[in-house]
Amino acid sequence: MQQPKPDGVTPSQTVGPYFAYGLTSNGKYDWNDAFTNNLVTADTSGERIRIEGQVFDGDGAVVPDCMLEIWQADAQGRFSDPQDKRALPNTSFKGFGRIGTDAKGGYAFDTIKPGQVADPDGKPQAPHIMLAVFARGMLLHNYSRIYFDGEAANASDPVLALVPADRRATLIATRQPGGNAVYRFDIHLQGDKETVFFDV
Amino acid sequence: MTLVYPVQSLAAHPPRLSPAYKSTVKRSPSKPLIPMRHTLSELTGPVYGHETVRENDHDLTIQGKSEPLGERIIVHGHVLDEDGRGVPNTLVELWQANACGRYVHVVDQHPAPLDPNFTGAGRAQSDAQGYYRFVTIKPGAYPWGNHHNAWRPAHIHFSVFGHSFVSRLVTQMYFPGDPLFPFDPIFNSVTDEKARNRMISAFDLENTKPDWALCYRFNIVLRGRNATPMEKK
Ligand SMILES: [Fe+2]
C-alpha cells in the first residue's frame, strides 16, 4: 500500500538528556532493555574483544549523556540482515549494540572482531565497526567507523584513504597492554582531536 | 532489494551547529564531514522484530498498577520511505514526559510530580504496511535551562531503525497549534517551514475513539528510495 508521496524526510531532533529509561535502561528503570552493550552470544564465533573509551566535547569535558550505537559484520564479514545475501539465517549474532555513557563519559562494548567486508567495487575493506553518536546538544547523530590498530589491511582500506592522513588515527582503536583483547577508542565531538565523521 | 540513500535527503535535517540551542556549540563538529560511497556496512542495518516487542509495549497506559493521570491519546501512523512506501516490520521506540511535563529520568529536576503509573517508554513494530500505533498520555510542556523562561513544546521522542544503518532516525513529534513553537530553538533548528511541519502530528478525528481517547496521526518518513537498484546505477 502506498501513501501519498511525502515532501521529504522527517527531520532529526536531539535524543535529549532523558533517553536512558527508554533506550538504554540497563536495569536502572522499570523497563526492559531491548539492546545492550554485549553483542556476544553463546554461538558467536570469532575473536572476543572489548572496545572502551570516553566521549568528549569541544572543551575536552566528558559527555555523560551520550548514546552510542554500533553495527558490524560477524567474524566472516557477513551482516545479520537479509539484505546481505550471504548472511546465515538464524544466527544469534545480531551485530548491533547500544549504550549510554556514564558520569565520566565512559562506555564499553563487548563484541567480536568483525571480518572484512567488500566495498562497492569488490575491494576488501579493513575490519571496521560502524558507529552512530547521539547526545543532548546533537540535533542529528554523527556517523563514524572504528578500525583496529595493527591491521595490515588498514593501509589499503578505501575509506581510510579518503581521510586526511593526520586525522586517520582518530578512527583507529588502540590495543591496550595485557592479555585480553581490549581496544581504546575515544570520541571527540569537536576540536583539534575531533573524531572523523562521515557524510553518509 | 537494495535501496539507495541520496545524501540530498539530509538537507531537511537541522544544521548540527544551531547556536540558539546552546548545547550544540561545543558538541557539533568543527571539521568538515568526509563524503564517501555507501558500502554494505552502510546499506545494511539491524533487524529487530517480534522478539524485541512484548505484547503490551505499545500501550503506555497499562504498564503500572493502575492508569496514569492525564489525557489518554492514540498516536499512530506509517513509517514510510521518501516515495511513500511503507517500511515494514521496523522497530519504533518512544519515550516522553508525563502529563505534568516530568520525565522519570533521575536527572530531571523539574518540580512537577512523577506519576507512579507512568514510565513513559514504549515500543512497537510496524506491520507489513509500515503502520504503527501507540496508546499513551499527552505529555506536558516542561522548562529547560537554555535561556530565560525557556519551555519545550509538548513532544514525544521517537527512535526508528528503517532499512539500513544510514536510515536511522531519532526525532520528536509535536502537537498541532502549540503556542510554544515560535520560541523553541530545538523545533526551529529545522530551518525549512515545510520540513518543520513534518514533525507536527495531525489531529485525527476519524480515528478518535468516542468516549475514550483523542487520536493524532504522525507519519515518519525515512531516507531511501526503492526505485533504483544499485546495480543499474
Ligand atoms: Fe524531551
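Calculation notes
Residues numbered from 1 in each chain as written. Chains lettered and ligands numbered in written order. Predicted model: local features only at pLDDT ≥ 70, side-chain atom pairs only at ≥ 80, totals over all residues. Heavy atoms only, no water. Helix = DSSP H or I, 4+ residues; strand = E, 2+ residues; numbered from the N terminus. Rg over C-alpha atoms; globule rule 2.2 N^0.38 Å. Buried < 20%, exposed > 50% of the residue type's maximum accessible area, 1.4 Å probe, protein only. Contact = heavy atoms within 4.5 Å. Areas by Shrake-Rupley, 256 points an atom, 1.4 Å probe, with all protein chains shown as cover. Lys, Arg positive; Asp, Glu negative; His and termini not counted. Charge placed at Lys NZ, Arg CZ, Asp CG, Glu CD. Pairing = 2+ DSSP bridges. Axes fitted to C-alpha atoms, helices over the stretch in contact; angles between N-to-C directions. pLDDT = per-residue confidence, 0-100. Buried area = accessible area lost by both parts, 1.4 Å probe. Salt bridge = Lys/Arg side-chain N within 4 Å of Asp/Glu carboxyl O. Donors = N, O, S within 2.8 Å, 3.2 Å for Na, K, Ca; no water. Tetrahedral: all angles 85-135°; square planar, octahedral: opposite > 155°, others 65-115°. Polar contact = N/O pair within 3.5 Å; in protein donor to acceptor, adjacent residues only side chain to side chain.

Details of the overall build of chain B
When helices and strands are counted, chain B shows 2 helices and 12 strands. For chain B, the succession of helices and strands along the chain, N to C, is β-α-β-β-β-β-β-β-β-β-α-β-β-β. The globule rule puts the C-alpha radius of gyration for 233 residues at 17 Å, and the 19 Å found for chain B is close to it. The principal-axis extent of the C-alpha atoms belonging to chain B is close to 55 × 40 × 30 Å. Taken over 233 residues, chain B has a buried fraction of 58%. The contacts of chain B with a sequence gap of at least 6 include a subset with a gap of at least 24, amounting to 71%. When the accessible surface of chain B is split by element, carbon and sulfur atoms take 57% of a total near 9900 Å².

Section: the overall build of chain A
Helices and strands together make up the secondary structure of chain A, namely 1 helix and 10 strands. Starting at the N terminus and walking to the C terminus, you meet the elements of chain A as α-β-β-β-β-β-β-β-β-β-β. In terms of overall size, chain A behaves like a compact globule, its C-alpha atoms giving a radius of gyration of 17 Å where 200 residues would be expected to give roughly 16 Å. For chain A, the spread of C-alpha atoms along the three principal axes comes to 50 × 40 × 40 Å. Looking at chain A as a whole, 58% of its 200 residues are labelled buried. Sequence separation of at least 24 residues holds for 66% of the intrachain contacts in chain A that already meet a minimum separation of 6. Averaging the positions of the 19 positive and the 25 negative side-chain charges in chain A gives two centres separated by 3 Å.

Concerning the sheet that holds strand β3 (residues 91–96) of chain B
Residues and elements named next belong to chain B. Read across the open sheet, the 4 strands follow the order β4-β3-β8-β9; overall the sheet is antiparallel. Pairing within the sheet leaves two strands with one partner each, and these edge strands are β4 (121–125) and β9 (169–174). This sheet shows a mean twist of 25° between the axes of neighbouring strands, independent of strand direction. In this structure, strand β8 (residues 155–160) lies alongside β9, joined through 6 bridges in antiparallel fashion. Paired with Ser159 across the bridge in β9 is Val170.

Comments concerning the confidence of the model for chain B
Residues and elements named next belong to chain B. With 96% of its residues at a pLDDT of 70 or more, chain B has an overall mean of 93. Throughout residues 229–233 the model reports pLDDT below 50, and contacts reaching past four residues in sequence, or to other chains, amount to 6 contacts. For this predicted complex, the interface score ipTM comes out at 0.95, while the overall pTM is 0.96.

Structural notes on the pairing of strand β1 (residues 48–56) of chain A
Residues and elements named next belong to chain A. Here β1 runs beside strand β4 (residues 106–112); their pairing, made up of 7 bridges, is antiparallel. What sits directly across from Gly53, in β4, is Tyr107. With 3 bridges connecting them, β1 and strand β8 (residues 182–184) associate as parallel partners. Residue pairing in the sheet places Ile51 in a bridge with Tyr183 of β8. In this sheet, strand β9 (residues 187–188) lies alongside β1 in parallel orientation, the contact comprising 2 bridges. When the bridges of β9 are listed, Phe56 appears paired with His188.

Things to note about the interface of chain A and chain B
One widely used convention gives an interface's size as the accessible area the parts lose upon coming together. In this complex, chain A contributes 86 residues to the contact, which on the side of chain B involves 95 residues. Buried surface at the junction of chain A and chain B, summed over both partners, amounts to about 7800 Å²; 57% is from carbon and sulfur atoms. There are 9 salt bridges connecting chain A and chain B. A:Arg98 is the partner of B:Glu93 in a salt bridge, and the nearest nitrogen-oxygen pair spans 2.8 Å.

What about the coordination of the iron ion?
Distances from the iron ion to its protein donors, namely B:Tyr103 (OH), B:Tyr142 (OH), B:His155 (NE2) and B:His157 (NE2), fall within the range 1.9 to 2.2 Å. Considering all 4 donor atoms around the iron ion, the spread of angles at the metal, 90 to 163°, places the coordination shape in the irregular class.

Topic: the side chain of B:Asn117
Residue and element names in this part refer to chain B. Position of Asn117 among the secondary structure elements: in the loop between β3 and β4. A distance of 3.1 Å separates a polar side-chain atom of Asn117 from the backbone nitrogen of Lys65. Look past the residues within four positions of Asn117 in its chain and what remains in contact with it is Leu60, Gly64, Lys65, Ser66, Glu67 and Pro68.

What about the pattern of salt bridges?
According to the stated counting rule, one finds 24 salt bridges over all chains in the structure shown. B:Glu93 serves as the salt-bridge partner of B:Arg123, at 4.0 Å between the closest nitrogen and oxygen. Taken together, the positions of B:Arg123 in strand β4 and B:Glu93 in strand β3 put the pair 30 residues apart, joining distant regions of the chain. Relative accessible area serves as the criterion here: at 1%, B:Glu93 is assigned to the buried category. Among the ionic contacts, a cluster of salt bridges with common partners joins A:Glu69, A:Arg98, B:Arg54, B:Asp57, B:Glu93, B:Arg123 and B:Arg168.

Brief notes about unusual backbone geometry
Residues and elements named next belong to chain B. Even without glycine at this site, Asn89 takes up a positive phi of about 50°. Mapped onto the secondary structure, Asn89 falls in the loop between β2 (72–81) and β3. Of note in the backbone geometry, Asn149 takes a positive phi value of approximately 60° without being a glycine. Secondary-structure assignment places Asn149 in the loop between β6 (142–144) and β7 (150–152).

Details of the side chain of A:Glu194
Tracing the backbone shows A:Glu194 in the loop between β9 and β10 (198–199). Although A:Glu194 lies buried, it forms no salt bridge, and the closest oppositely charged side chain, A:Arg167, sits 4.0 Å away as judged by the N-O distance. At a separation of 2.7 Å, a polar atom in the side chain of A:Glu194 contacts the main-chain amide nitrogen of B:Ser30. A:Glu194 has contacts with A:Arg167, A:Thr170, A:His188, A:Leu189, B:Pro29, B:Ser30 and B:Lys31, leaving out every residue within four places of it along the chain.

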